[in-house]
There are 2 protein chains.
Amino acid sequence: MSTKTILVQADLLATNKQAAAAIRQGLRGRGILAVNLLSSPGSGKTTLLEALVDRLKGRHRMAVIEGDIETERDAERIRAKGIPAWQITTGGACHLEARMIGKVLGDVPADVDFLFIENVGNLVCPASFDLGEELRCVLLSSPEGDDKPAKYPQAFLSADCLILTKTDLVPYLPFDPAKAAAEALSIKSGLRVFTVSALRGDGMDELAAFFIEALGRLRSAGA
Amino acid sequence: MSTKTILVQADLLATNKQAAAAIRQGLRGRGILAVNLLSSPGSGKTTLLEALVDRLKGRHRMAVIEGDIETERDAERIRAKGIPAWQITTGGACHLEARMIGKVLGDVPADVDFLFIENVGNLVCPASFDLGEELRCVLLSSPEGDDKPAKYPQAFLSADCLILTKTDLVPYLPFDPAKAAAEALSIKSGLRVFTVSALRGDGMDELAAFFIEALGRLRSAGA
């Protein structure tokens, strides 16, 4: 990369950081817990959100921002579950940026507890962009292989929690969840690890409890 | 994106295009068929290459360039099969560029028939960078879902061939190979579609034959 490119990239990241800080402050003030979901394409982010709706409904209100390069498909899936969802189509860009989130926030209802942001499916670029979230979760699906954390370290280093997904497929795969978790923990100690099958429901209660606890902490801190 | 960022990106792509054209000309002159493999992380690029070694050995010579953000793991897997392999670690960058390939080409033995380039696992950014390849193949693994072509159109639009991988998992998944192929063909008509299980060997003979035919055409054109 040329010096010029690096300077422009640094400028872009600094501008993004400022916008993200303002978003975080605003969401804390409103008592909304924002969670940024990062992963490869097809790791199961939307299916995880669908399963979370079933765990949280009746007790907490959710809203979802969907990031994709093209199509409204993921937002439509979330809306079909009765949850307000906004689709951001980046039209080619490989990640969401804070300013894109900022444009949607005014439409998020005041009584929402959780704002989940599903990033563009990409295990590389989204890791560099703070969206003003309180928690960042990286998903790794069992078919992707247990060797991925060391190959894509920034996503794991920048995350607060690792969600190993599609574990119903483990019997048919050369995938060791313990190995994947250990490798991720060697990159980021203290990472909270969850093992789920969103389709079967395994591990979803523990993950929902983690988000509810984090919401409680956010509101205690803001009280 | 700011105007400045767009201008720098355009400059980077123009420089890359020039380097790629020189690489393509050089490889054609040497009678080497270069294939650029693009996909999400964990779609099975390295496993596909391992299976191709078994199909091509004794008849053709292969060499492999591996692109990853970090680790030498993939090159080590290919070398373990007796194939010369060079690992390019991008140190954070989300795609390979032609100049990175150019630095390795002098080391590729003169009697090589096929040069496979495994790009960084990313279904977005690598699609914008020509590496001087003759053929570009995009992989889509069955666990990723049949809705991916429309969500990540540039990768499919820029490819010559689509390889649906991990089809041994189809019985356990909500994945329809015909739907994935139809959606990809609606984006890029004329795309050659292959359906494989590299682990079981299904479809690998057809894919190897496709590459051998392309090599024959390259050499006829250069004769």
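Residues numbered from 1 in each chain as written. Chains lettered and ligands numbered in written order. Predicted model: local features only at pLDDT ≥ 70, side-chain atom pairs only at ≥ 80, totals over all residues. Heavy atoms only, no water.

A.B. asks: Quick one: what's the story with the overall build of chain A, residue by residue and with numbers?
C.D. replies: Counting secondary structure elements, chain A contains eight helices and seven strands. A globule of 223 residues ought to have a C-alpha radius of gyration of about 17 Å, and chain A, at 17 Å, matches this closely. Expressed as lengths along the three principal axes of its C-alpha atoms, the size of chain A is roughly 50 × 45 × 35 Å. When the 223 residues of chain A are sorted by exposure, 59% land in the buried category. Contacts spanning at least 24 positions in sequence make up 71% of the contacts within chain A whose residues lie at least 6 apart. Entry remark: accessible area of chain A is about 8,700 Å², with carbon and sulfur atoms responsible for 53%. For chain A, the distance from the average position of its 26 positive side-chain charges to the average position of its 28 negative side-chain charges is 2 Å. (Helix = DSSP H or I, 4+ residues; strand = E, 2+ residues; numbered from the N terminus. Rg over C-alpha atoms; globule rule 2.2 N^0.38 Å. Buried < 20%, exposed > 50% of the residue type's maximum accessible area, 1.4 Å probe, protein only. Contact = heavy atoms within 4.5 Å. Areas by Shrake-Rupley, 256 points an atom, 1.4 Å probe, with all protein chains shown as cover. Lys, Arg positive; Asp, Glu negative; His and termini not counted. Charge placed at Lys NZ, Arg CZ, Asp CG, Glu CD.)

A.B. asks: If you had to explain the sheet that holds strand β3 (residues 85-89) of chain B to someone new, which residues and values would you point to?
C.D. replies: Residue and element names in this part refer to chain B. Strand order in this open sheet of seven strands is β3-β2-β4-β1-β5-β6-β7, and the pairing throughout is parallel. The open sheet terminates on both sides in strands that have one partner only, identified here as β3 and β7 (192-195). Along the sheet, successive strands turn relative to each other by an average axial angle of 20°, direction set aside. Looking at chain direction, strand β1 (residues 33-38) and strand β5 (residues 135-141) are connected through four bridges and run parallel. Pairing of asparagine 36 across the sheet is with arginine 136, part of β5. Along the sheet, helix α4 (residues 98-105) makes contact with β2 (62-68), β3 and β4 (114-118), crossing β3 at roughly 145°. Relative to the sheet, helix α8 (residues 204-222) contacts β1, β4, β5, β6 (161-165) and β7, its axis offset from that of β1 by approximately 140°. (Pairing = 2+ DSSP bridges. Axes fitted to C-alpha atoms, helices over the stretch in contact; angles between N-to-C directions.)

A.B. asks: For the environment of methionine 100 of chain A, give the residues involved together with the corresponding values.
C.D. replies: Residue and element names in this part refer to chain A. Within the fold, methionine 100 resides in helix α4 (residues 98-105). Residue classification places methionine 100 among the buried positions, given a relative accessible area of 11%. Taking the C-alpha atoms as reference points, methionine 100 and threonine 89, 11 residues apart in sequence, are found 9.7 Å from one another. When near neighbours in sequence (up to four residues on either side) are disregarded, methionine 100 contacts Ile88, Thr90 and His95.

A.B. asks: I'd like a description of the relation of the copies chain A and chain B, backed by residues and values.
C.D. replies: Each copy superposes on the other: chain A lies on chain B with an RMSD of 0.0 Å after a rotation of 180° and an axial shift of 0.0 Å. Expressed as an axis order, the relation between the two copies is that of a two-fold axis. A high fraction, 100%, of the interface residues of chain A reappear at the interface in chain B, so the copies pair face to face through one surface. (Least-squares fit on C-alpha atoms with pLDDT ≥ 70 in both.)

A.B. asks: Describe the packing of aromatic side chains, listing the residues and the values that go with them.
C.D. replies: Residues and elements named next belong to chain B. Across all of its chains, the model carries nine aromatic pairs over all chains by this definition. Ring plane angle 50° and centroid distance 5.5 Å describe the contact between phenylalanine 210 and phenylalanine 211, whose orientation is recorded as tilted. Per residue, the accessibility class of phenylalanine 210 equals that of phenylalanine 211, and both read buried. (Phe/Tyr/Trp six-rings, centres within 6.5 Å; stacked < 30°, edge-to-face > 60°.)

A.B. asks: Any chance you could break down the sheet that holds strand β4 (residues 114-118) of chain A for me, citing the residues and the numbers?
C.D. replies: Pairing between the strands of a sheet is mediated by backbone hydrogen bonds and can be parallel or antiparallel. Residues and elements named next belong to chain A. With respect to topology, seven strands assemble into an open sheet ordered β3-β2-β4-β1-β5-β6-β7, the strand pairing being parallel. Because the sheet does not close on itself, it has two edges, and the strands there are β3 (85-89) and β7 (192-195). Averaged over all pairs of adjacent strands, the angle between strand axes in this sheet comes to 20°, irrespective of strand direction. Most of the contacts of helix α7 (residues 177-187) go to strand β6 (residues 161-165), to which it runs at about 160°, and overall it touches β5 (135-141), β6 and β7. Along the sheet, helix α8 (residues 204-222) contacts β1 (33-38), β4, β5, β6 and β7; its crossing angle with β1, the most-contacted strand, is approximately 140°.

A.B. asks: Pulling in residues and values, what's your account of the interface of chain A and chain B?
C.D. replies: Between chain A and chain B, the residue contacts involve 35 residues of the former and 35 residues of the latter. At the boundary of chain A with chain B, total buried surface from both sides reaches about 3,200 Å², with 63% on carbon and sulfur atoms. On the chain A side of the interface with chain B, the three residues burying the most area are Pro41, Arg73 and Lys151 of chain A, jointly 19% of the side's total. Where chain A meets chain B, there are six salt bridges. When the shortest N-O distance is used, the salt bridge between aspartate 68 of chain A and lysine 151 of chain B registers 4.0 Å. Inspection of the region where chain A meets chain B yields 10 residue pairs in polar contact (both at pLDDT 80 or more). Elements that contribute at least two residues to the side of chain A that touches chain B include exactly α1 (3-30), α3 (73-79) and α5 (148-151) of chain A. Partitioned by chemical class, the residues of the side of chain A that touches chain B number 16 nonpolar, seven polar and 12 charged. (Buried area = accessible area lost by both parts, 1.4 Å probe. Salt bridge = Lys/Arg side-chain N within 4 Å of Asp/Glu carboxyl O. Polar contact = N/O pair within 3.5 Å; in protein donor to acceptor, adjacent residues only side chain to side chain. Nonpolar A, V, L, I, M, F, W, Y, C, P; charged D, E, K, R; others polar.)

A.B. asks: How would you explain the layout of surface pockets if you had to name every residue and give the values?
C.D. replies: By volume, the second largest pocket amounts to about 690 Å³. The wall of the second largest pocket is formed by 38 residues, among which Pro174 of chain A together with Gly44, Thr47, Arg77 and Lys166 of chain B lie closest to the centre. If you list the elements that add at least two residues to the lining of the second largest pocket, you get α5 and α7 of chain A together with α2 (45-56), β2 and α3 (73-79) of chain B. Top contributing element to the lining of the second largest pocket by residue count: α2 of chain B, with five residues. (1 Å grid on protein atoms, 1.4 Å probe; cavity = no way out; pocket = protein on both sides within 12 Å on 5 of 7 lines; lining within 4 Å. Points joined across faces, edges and corners; volume = space filled by probe spheres on them.)

A.B. asks: Give a detailed account of the environment of alanine 127 of chain B, specifying residues and quantitative values.
C.D. replies: Residues and elements named next belong to chain B. Positionally, alanine 127 belongs in the loop between β4 and β5. For alanine 127, a relative accessible area of 5% translates into the label buried. Measuring from C-alpha to C-alpha, the distance between alanine 127 and aspartate 107 comes to 26 Å, with 20 residues separating the pair along the chain.

A.B. asks: Just give me the short version of empty space enclosed by the protein, but keep the residues and values in it.
C.D. replies: All told, the structure shown has one cavity of 30 Å³ or more when counted by the stated rule. The space that makes up the largest cavity amounts to roughly 60 Å³. What lines the largest cavity is a set of 14 residues, among which Ser141 and Glu144 of chain A together with Pro41, Ser141 and Glu144 of chain B lie closest to the centre. Partitioned by chemical class, the residues of the lining of the largest cavity number four nonpolar, seven polar and three charged.

A.B. asks: Can you lay out the packing of α2 of chain B against α8 of chain B for me, pointing to particular residues and giving the numbers?
C.D. replies: Residues and elements named next belong to chain B. Put simply, α2 and α8 touch, their axes get as near as 10 Å, and they point 75° apart. In terms of axis orientation, α2 runs roughly perpendicular to α8. Here α2 contributes Leu48, Ala51, Leu52, Arg55 and Leu56 to the contact with α8, which in turn contributes Met204, Asp205, Leu207, Ala208, Phe211 and Ile212. Counted by class, the contact of α2 with α8 contains nine nonpolar, no polar and two charged residues. (Parallel < 35°, antiparallel > 145°, perpendicular 65-115°, else oblique.)

Purely spatial values, then, with no claim about function.
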